Amino acid sequence: SQTIHQWPATLVQPVGSPLSLECTVEGTSNPNLYWYRQAAGRGLQLLFYSVGIGQISSEVPQNLSASRPQDRQFILSSKKLLLSDSGFYLCAWSPVDRGDNIRAFFGQGTRLTVV
Amino acid sequence: AQSVSQHNHHVILSEAASLELGCNYSYGGTVNLFWYVQYPGQHLQLLLKYFSGDPLVKGIKGFEAEFIKSKFSFNLRKPSVQWSDTAEYFCAASQGGYNKLIFGAGTRLAVHP
């Protein structure tokens, strides 16, 4: 069966420090991959999605970047964190099939606090 | 711009009460609609979805949702809630390929025994 791993679960980082959140998917190949963020009191916002290795689309301008070095690995990064980067980050995957089976599977999330 | 709005941010119910959570979307054309649920300490998971066909969709654990195109709505319902339904519920929509989801702000449901 397919599983998705996301780590770390919580992270406290100082302003100006770098960030690297990692997400890996098992049990499937060539998934679509996503990074979402939930800021306090708001819904989940799509940050990045990827349909293949090295293919990254950004949905909102921001201080973050994403990379997909392997088929089932998706990394969220920042060179210098801002206070406004605090939030709950969720990785997700969905199968490429666009029929009725389409759905997203989510990781457990990372709660990032920038201090 | 495309958006999804949920009317209630916090709902408190007693067991056996009926539940209806509102969701409205602003999309033109064909849209896919979802309800996701996050139980305490668990992953966000799919509750039900609508793609086409019968506008009344049944999901897991006795939940259902009705797609009303004229009202741009996809409200979630359950006739009798249980304590185990305590969770946060998210309405979401997507359009076209790649399953890029736009979420509502979520509704926290607390069910008291």
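Thresholds, definitions, all that
- Residues numbered from 1 in each chain as written.
- Chains lettered and ligands numbered in written order.
- Predicted model: local features only at pLDDT ≥ 70, side-chain atom pairs only at ≥ 80, totals over all residues.
- Heavy atoms only, no water.
- Helix = DSSP H or I, 4+ residues; strand = E, 2+ residues; numbered from the N terminus.
- Rg over C-alpha atoms; globule rule 2.2 N^0.38 Å.
- Buried < 20%, exposed > 50% of the residue type's maximum accessible area, 1.4 Å probe, protein only.
- Areas by Shrake-Rupley, 256 points an atom, 1.4 Å probe, with all protein chains shown as cover.
- Phe/Tyr/Trp six-rings, centres within 6.5 Å; stacked < 30°, edge-to-face > 60°.
- Contact = heavy atoms within 4.5 Å.
- Buried area = accessible area lost by both parts, 1.4 Å probe.
- Salt bridge = Lys/Arg side-chain N within 4 Å of Asp/Glu carboxyl O.

Caption draft 1: Representation of the overall build of chain B within the structure. On a plain count of helices and strands, chain B comes out with 0 helices and 12 strands. Element order for chain B, N to C, with α for helix and β for strand: β-β-β-β-β-β-β-β-β-β-β-β. Relative to the compact-globule value of 13 Å for 113 residues, chain B shows a C-alpha radius of gyration of 13 Å, a close match. Dimensions along the principal axes, computed over C-alpha positions, put chain B at roughly 40 × 25 × 20 Å. When the 113 residues of chain B are sorted by exposure, 47% land in the buried category. Only carbon and sulfur atoms are counted for the fraction: they give 54% of the accessible area of chain B, which is about 5300 Å².

Caption draft 2: Spotlight on the packing of aromatic side chains. Tallying each qualifying case throughout the model produces 18 aromatic pairs over all chains. Note on phenylalanine 106 of chain A and tyrosine 36 of chain B: the rings are 5.4 Å apart at their centroids and 80 degrees apart in plane angle, and the pair reads as edge-to-face. Here phenylalanine 106 of chain A is found in strand β10 (residues 105–106), whereas its partner tyrosine 36 of chain B is found in strand β5 (residues 32–38) on a different chain. Considered together, phenylalanine 106 of chain A and tyrosine 36 of chain B belong to a single accessibility category, that of buried residues. One aromatic cluster is present, built from ring pairs that chain together Tyr34, Tyr36 and Phe106 of chain A together with Phe34, Tyr36, Phe51, Phe90 and Phe103 of chain B.

Caption draft 3: The arrangement of the interface of chain A and chain B in detail. Counting from both sides, the interface comprises 25 residues of chain A and, opposite them, 18 residues of chain B. In total, chain A and chain B occlude about 1900 Å² of area from one another, counting both sides; carbon and sulfur atoms represent 56% of this. For the chain A face of the interface with chain B, the top three residues by lost area are Leu44, Ile102 and Phe106 of chain A, together amounting to 27%. Taken together, the links from chain A to chain B amount to 1 salt bridge. Counting residues per element, the ones that place at least two in the side of chain A that touches chain B are β4 (32–38), β5 (44–52) and β9 (87–94) of chain A.

By themselves, these observations are geometric and do not establish any function.
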